[in-house]
Each structure stands twice: as structure tokens, then as C-alpha cells.
Amino acid sequence: MSAHRLAIAIIGTGFAGLAAAIELKKHGHDDIVLFERGSEVGGVWRENTYPGASCDVPSSLYSFSFEPNLNWLRRSSEQPEILAYLRRTAGKHDVLRHVRFDTEVISAEFDEVVNRWTIGTDAGDVVEVDVLVSAVGQLSRPALPDVEGRENFEHDAFHSAEWDHSIDLTGKRVAVIGTGASAIQFVPEIQPQVKQLILFQRTAPYLLPRFDTVFSDAHHALFQRLPIIQKAQRAVWWMAAETLSIAFLYSKPLSRVVTALSRWHMKRQLRGSELLAKVWPDYAVGCKRILFSDNYLPSLRQPNVAVESDRIEEITAAGVRTVDGVVHEVDVIIYATGFAASDFLAPMKILGQGRRDLRAQWSNGARAYLGVSIPHFPNLFLMYGPNTNLGSGSMVCMLESQAEYIRRAVAGLRGGDAVVVRADVENRYDVETQARLVDGVWSKCTSWYRAADGRVANNWPGTSSEYRRRTKEFDASEFVHLSKEKGIS
Ligand code: N01
């Protein structure tokens, strides 16, 4: 069997799954199946359809380096355009014929006799492959808050990532719970429509200007004539994002500059109102994701909006009761409460060597070498795995690094071969990673970057250029090579 006849399964068809599939296909692999629980590609960009859903990272950077789009309608694109880009990219690179839509992977078990994975789906399919790539993302499972009485609410309620477009918000009293990246995008969109909007803020975000712009015909003509301009823009935004990372990770003075910029922006937008004291954060900048918006704060100043910073104690039949005993009666509750980001690969049951359960192996927190490889789980590779999220920048750059690393890892394999990262290598890596994170900026507050026990399991502790450098080569000596014929070598 030639190397290119390896059977490969990829779970998920968002940016991560497509990056992996395209990279492998470019290098001759064609026996690839992608499992997708939805009916089309797109991952979070298919799921999140809330009003105003968009990407606050400029599209010249938040897109594949090998697939520039000279026709972005604006600098920071809206969800429908990003989804269209992903559909187009999947079509152009011939990925769609590999996808099994409406099929959720529920289990995968490694068979040590033949060094292959047996995958089970919710449709009852059983598929055997040599290599398994999980590209399910960190933000694919909406999380509802653990607040008492949620089930007692007698009116409409939904999560921002499962927006219920059948509910007309016009003239309604609406509670929004949460002030993260999602909420700050849809609050300004629904504010003019609703009768009253009560925004429940537990922790305020730092805001910076969005630097968005609509590209005119003249822009597009220029980009077409000189595509290098978009490449230059990509480089500039990449440098800006790396600078923000450096500020949060390594430089107190630079962090102070970012704080001052945010203060300037927020103060300017709230001039003449009493709101600044209420919405100004009380933790180190960068500890939670910094947000880019020009319309969020102005919308909070509107007469039909109230920011409620008292803690929520209970959801009642009529609304939201805060600790001061007030019941805020509403017609609709929108949970903008984020995702179950620490439950990597859940709810799939993954069994590795010796039928080790991945969930049990990760009982003290998810971890993987370079976020990609897990001891005792041969030929299983993760895209957007533990400790690979960025506090600032474009995840697409990280995903391309991972796709290339995985392609190198499987390059020398024949059917019946497998590689598994050495436990000592992974352990050393995890100790180093956690040592860098333990006193870092993300340990200074609670956020989805940290698991309940305080371990920062989501974020990469360095810049994206460092990650790129460290994943540039696949070092076979860090892995054990298993062969069906020869046993371990
Ligand atoms: O979710 P979040 P998100 N009572 O977890 C609050 C990406 N993204 O969907 O901070 C009251 O950030 C919680 O409060 P606190 C991006 O990576 C990207 O907004 O925990 N409040 C917080 O305010 C982003 O980081 C784009 O105190 C409760 C909010 O809910 C990630 O998705 C756009 C609560 C959750 O915020 C997630 O963003 C959108 C409770 N019991 C999203 N429980 C781009 O533009 C939670 N909260 C690229």
C-alpha cells in the first residue's frame, strides 16, 4: 500500500477540518472522509447566525494564506461572507465529495492489532481508517449558565449560537446574559428593534476600535490590479496581532499602552454618560479576550437599554432575579454565555492503546504535544487542540501550522503503521507550557481560557510565530513508530 493510500478520517468541516483536508489532498492523499454533523461546511461560521455575527479579525488575515479573497466586502467580514468563503474554498479544493454530512462521530477506538481506528457514527456507520484527525474546535458546544431556575422561565429563551430566528424581538423586553465577543456584536443590532434591553454584565470587557471599513469598487479594482496590497495588509494585521500578544504575554509597559488606548476609546464613546464606571473592566488587560467594536458602547447609551451588573441569582417564570431581590421581567432571554471550551472532543468516546479512555486520561485537564498529539493515542491528531488558542490574532494561521505538521507526521506512514508521541516528550512539553502559563495574564481572572480548576487548558503561551516555528518540523525521535509487521521500532 503506498503512503498516499492511507485512509484518513477528519471530524469537522470548519476552518480546521478544511485546512487539514486541503493540506493532505495537496500532498497526494485522496482516501479521506470528513464527518460533518451539520448539513454543510463552515463550523462555527455556519452555526453562529446571530444578528451582526462577524469576525473582528480583518479578513485578509482571517483567511487561508493559500486562498486569498480579493473581493471581501469589508475589512472585517460578516458571517454570511465568511461562510460563503468556506463553501467556495471547499468546492474549489475538491473537498465536498469527501464529506459525509449530517453524520456525527460518537466514538473511535484504536485497534492495536492492525493499528487502525474504528469510528462509530450516530447513523450507525462503522468506518475503519489509518489516521484520525479531530477538527471539532473549541467553541462548537454552546454553554448555558449554571443558574438556578432556568427551566422555569415561561417565555422564549435561546443561546446566541443557536439563534432562534423565528422569534420576532420587535417591541419585546429582552434580557441578554453575557458581555463577550458574541453579545457585543448582536446587542447593537437588536437594540433599535426591542422595547427594552437589559444587559446582564458579570465582567466587563476591554474594548478597542474595530478599524472596520467597507471596501469600495475602487478598493477592489486596486486589489485586483495589485494583489500584493492584500498580502501587505495581511502582514500588517499579523504584526499588530503579534504585538498585542507580546503585550499580554511579556510586556507590562506595552500592556499599559493597550489599557490606555482602550480607556481612550471607551471614554470617548461614553462621553457625557455615567456608564464608564460600570463598564470599565477591573482585571488585567488581555486576561479575557479584548474586543473590537465601535457600536457596542453607543448602543448601551440608548434610553431603552439598561446595564445590570448585580449578580443573577435565579431565573424565574417571569424573568431574571438579581441578588438585590429585583425580578427583571422580560419576554425573551438570550444567553450569550459562551461555549463548553474545556471539554475537548466531548462528547465523543475515544479509546486508545489498551482501551484507554481519553476522558479518563484527561481527568486533570486536556493536554497534547503541541496541541496535536496525545500519548497512547497513535495516529490521532488534533486540530485546534489544547493550548493552541490565541489571545490575539488569527486562529487560521495556527490551523495551517497544525495541518502541515499532521501532513508531515503521516508522510512516512504506510497502512498498518502508526506513530504515537512519547509520554516523556509530551510530559516535558506540558510542564513547560503550564509553567509559562501559571503566572501569566490568563491566570489573573476567570474566562473560557481556563478550566474550572484554574488550569489554562485552551491558550497557547506564546506568539503565533513561535508556534509556527515549533511545528515546522516533525521530529520522528519524539514519537514511537508502530508497525503491524515489525511491532514497535
Ligand atoms: O462567549 P464568552 P462568547 N451569569 O465566553 C457571561 C469567539 N468569538 O460567545 O466574563 C452571568 O466570551 C460571561 O461572564 P464572565 C471568541 O474567541 C469570536 O461571547 O465569565 N454572566 C461572559 O461575559 C470568543 O472569546 C468572534 O464573568 C455569565 C459571557 O457570558 C469566544 O468566541 C465573535 C454567566 C460569555 O462570554 C466566545 O465568545 C464571537 C452567568 N452565570 C465569538 N455565565 C470574532 O469576532 C457566563 N456569563 C472572531
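Since the structure is predicted, the reported quantities are computational estimates derived from the model, not experimental observations. (Residues numbered from 1 in each chain as written. Predicted model: local features only at pLDDT ≥ 70, side-chain atom pairs only at ≥ 80, totals over all residues. Heavy atoms only, no water.)

## A closer look at the sheet that holds strand β5 (residues 116–121)
As a reminder, the rule being used: DSSP bridges decide pairing: two strands pair if at least two such bridges lie between them. Helix and strand assignments come from DSSP, with helices taken as H or I runs of at least 4 residues and strands as E runs of at least 2, each series counted from the N terminus. Axis angles are defined between N-to-C directions and span 0 to 180 degrees, where every axis is a line fitted to C-alpha atoms and, for a helix, only to the segment in contact.
Strand order in this open sheet of 4 strands is β6-β5-β4-β18, and the pairing throughout is mixed. In this open sheet, the two strands that pair with only one neighbour each are β6 (126–129) and β18 (349–351). Across the sheet, the mean angle separating the axes of adjacent strands is 15° when strand polarity is ignored. As paired elements, strand β4 (residues 105–111) and β5 share 6 bridges and run antiparallel to each other. If you follow Ala 108 over to β5, its bridge partner there is Ile 119.

## With respect to the nonpolar core
What counts, and what does not: Here, nonpolar core refers to any group of buried Ala, Val, Leu, Ile, Met, Phe, Trp, Tyr and Cys residues whose side-chain atoms link them within 4.5 Å. We call a residue buried when its accessible area falls under 20% of the maximum for its residue type, exposed when it is over 50%, and partly exposed in between, using a 1.4 Å probe and counting protein chains only. Per the annotation, domain bounds derive from an automatic or database assignment of domains. Whether two residues touch is decided by their heavy atoms; if any such pair falls within 4.5 Å, the residues are in contact.
Counting residues in each nonpolar core, the largest one holds 60 residues, and the members touching the most others are Ile 10, Phe 15 and Met 383. Where this core is concerned, the elements lending two or more residues are β1 (8–11), α1 (15–26), β2 (32–35), α3 (79–92), β7 (131–134), α11 (395–411), β20 (417–421) and α12 (423–438). Top contributing element to this core by residue count: α11, with 10 residues. In terms of domain composition, this core takes at least three residues from each of domain 1 (3–41 + 95–141 + 340–488) and domain 2 (150–335). Setting aside anything within four residues of it in sequence, one finds Met 383 in contact with Ala 16, Ala 19, Ala 20, Val 133, Ser 134, Ala 135, Leu 399, Gln 402, Ala 403 and Ile 406. Judged by nonpolar contacts, the second largest core, of 49 residues, contains Met 266, Tyr 283, Val 332 and Ala 336.

## So, empty space enclosed by the protein
What counts is decided by this rule: Here a cavity is any set of points on a 1 Å grid over the protein atoms alone where a 1.4 Å probe fits but cannot get out, and a pocket is any open set with protein on both sides within 12 Å along at least 5 of 7 lines; a residue lines the site when it has an atom within 4 Å of a point. Grid points are joined across faces, edges and corners, and a volume is the space filled by probe spheres set on the points. Each residue gets one of three labels, nonpolar for Ala, Val, Leu, Ile, Met, Phe, Trp, Tyr, Cys and Pro, charged for Asp, Glu, Lys and Arg, and polar for the others, Gly among them.
Tallied over the full model, the rule gives 4 cavities of 30 Å³ or more. Approximately 50 Å³ is the volume found for the largest cavity. The wall of the largest cavity is formed by Ser 59, Ser 60, Trp 72, Arg 74, Arg 75, Phe 215, Phe 223, Gln 230, Gln 233 and Trp 237. In terms of residue count, the dominant contributor to the lining of the largest cavity is helix α6 (residues 228–250) (3 residues). Looking at the lining of the largest cavity residue by residue, the classes come out as 4 nonpolar, 4 polar and 2 charged.

## Thoughts on the site of the ligand
Note the threshold: We call a residue near a molecule or strand whenever a single non-hydrogen atom of that residue lies within 4 Å of it. Within 3.5 Å is the distance limit for a polar contact, defined as a pair of N or O atoms, with the added protein rule that one can donate a hydrogen and the other accept it, and that residues adjacent in sequence qualify only through two side-chain atoms. For the area figures, the Shrake-Rupley method with a 1.4 Å probe applies, and any residue is considered shielded solely by the protein chains shown.
Near the ligand lie 23 residues; those nearest to it are Asp 56, Ser 182, Thr 203, Lys 288 and Trp 448. One of the backbone N or O atoms of Ala 181 is found 2.9 Å from an oxygen atom in the ligand. In the model, an oxygen atom of the ligand is placed 2.7 Å from a nitrogen or oxygen of the Lys 288 side chain. Alone, the ligand offers 920 Å² of accessible surface; in the complex the protein occludes 85% of this. With 3 residues, the single largest contributor to the shell around the ligand is helix α4 (residues 181–190). Here the shell around the ligand is built from residues that sort into 10 nonpolar, 9 polar and 4 charged.

## Here's the deal with the pattern of salt bridges
Applied cut-off: The term salt bridge refers to a side-chain nitrogen of Lys or Arg lying within 4 Å of a carboxyl oxygen of Asp or Glu.
Tallying each qualifying case throughout the model produces 34 salt bridges. Among the salt bridges present, the one from Arg 116 reaches Glu 128, with a minimum N-O distance of 3.5 Å. One end of the pair, Arg 116, is in strand β5; the other, Glu 128, is in strand β6, and 12 residues separate them in sequence. Within this structure, Lys 25, Asp 30, Asp 94 and Arg 97 form a network of salt bridges that share partners.

## With respect to the domain arrangement of the protein chain
Using the following cut-off: Two parts placed together each lose some accessible area; with a 1.4 Å probe, that loss summed over both constitutes the buried area.
According to the domain assignment, the protein chain consists of domain 1 (3–41 + 95–141 + 340–488) and domain 2 (150–335). For domain 1 versus domain 2, the separation of C-alpha centres amounts to 31 Å. Taken together, the contacts link 19 residues of domain 1 with 17 residues of domain 2. At the boundary of domain 1 with domain 2, total buried surface from both sides reaches about 1400 Å², with 58% on carbon and sulfur atoms.

## Concerning the packing of aromatic side chains
Just so we agree on the cut-off: Note on ring pairs: Phe, Tyr and Trp rings are taken, using the six-membered ring of Trp, and paired if centres are within 6.5 Å. Classes follow the plane angle, with under 30 degrees stacked, over 60 edge-to-face and the rest tilted. The criterion is that NZ of a Lys, or CZ of an Arg, lies within 6 Å of the ring centre and within 35 degrees of the ring normal, and then a charge sits over that ring.
Taken as a whole, this structure holds 23 aromatic pairs when the rule is applied. When the centroid spacing of 6.3 Å and the interplanar angle of 35° are considered together, the rings of Phe 15 and Tyr 85 count as tilted. Of this pair, Phe 15 sits in helix α1 while Tyr 85 sits in helix α3, and the two are 70 residues apart along the sequence. Relative accessible area serves as the criterion here: at 6%, Phe 15 is assigned to the buried category. Here the aromatic rings of Trp 460 and Tyr 467 are separated by 4.9 Å at their centres, their planes lie at 80°, and the arrangement is edge-to-face. Accessibility classification places Trp 460 together with Tyr 467 in one group, the buried group. Put simply, the rings of Phe 15, Trp 45, Tyr 62, Phe 64, Phe 66, Trp 72 and Tyr 85 pair up and form one aromatic cluster. Positioned above the aromatic ring of Trp 280 is the side chain of Arg 263, whose terminal nitrogen or guanidinium carbon lies 4.8 Å from the ring centre. Above the plane of the ring of Trp 460 lies Arg 436, whose end atom (NZ or CZ) is 5.9 Å from the centre.

## Remarks on the pairing of β6
Only one face of β6 is covered, namely the one carrying Val 127 and Val 129; the face carrying Val 126 and Glu 128 has none of its residues buried. Sheet topology note: the β5/β6 ladder contains 4 bridges and is antiparallel. If you follow Gly 120 over to β6, its bridge partner there is Val 126. Connecting β5 to the next strand, β6, in antiparallel fashion are 4 residues, including Gly 124 with a positive phi near 90°.

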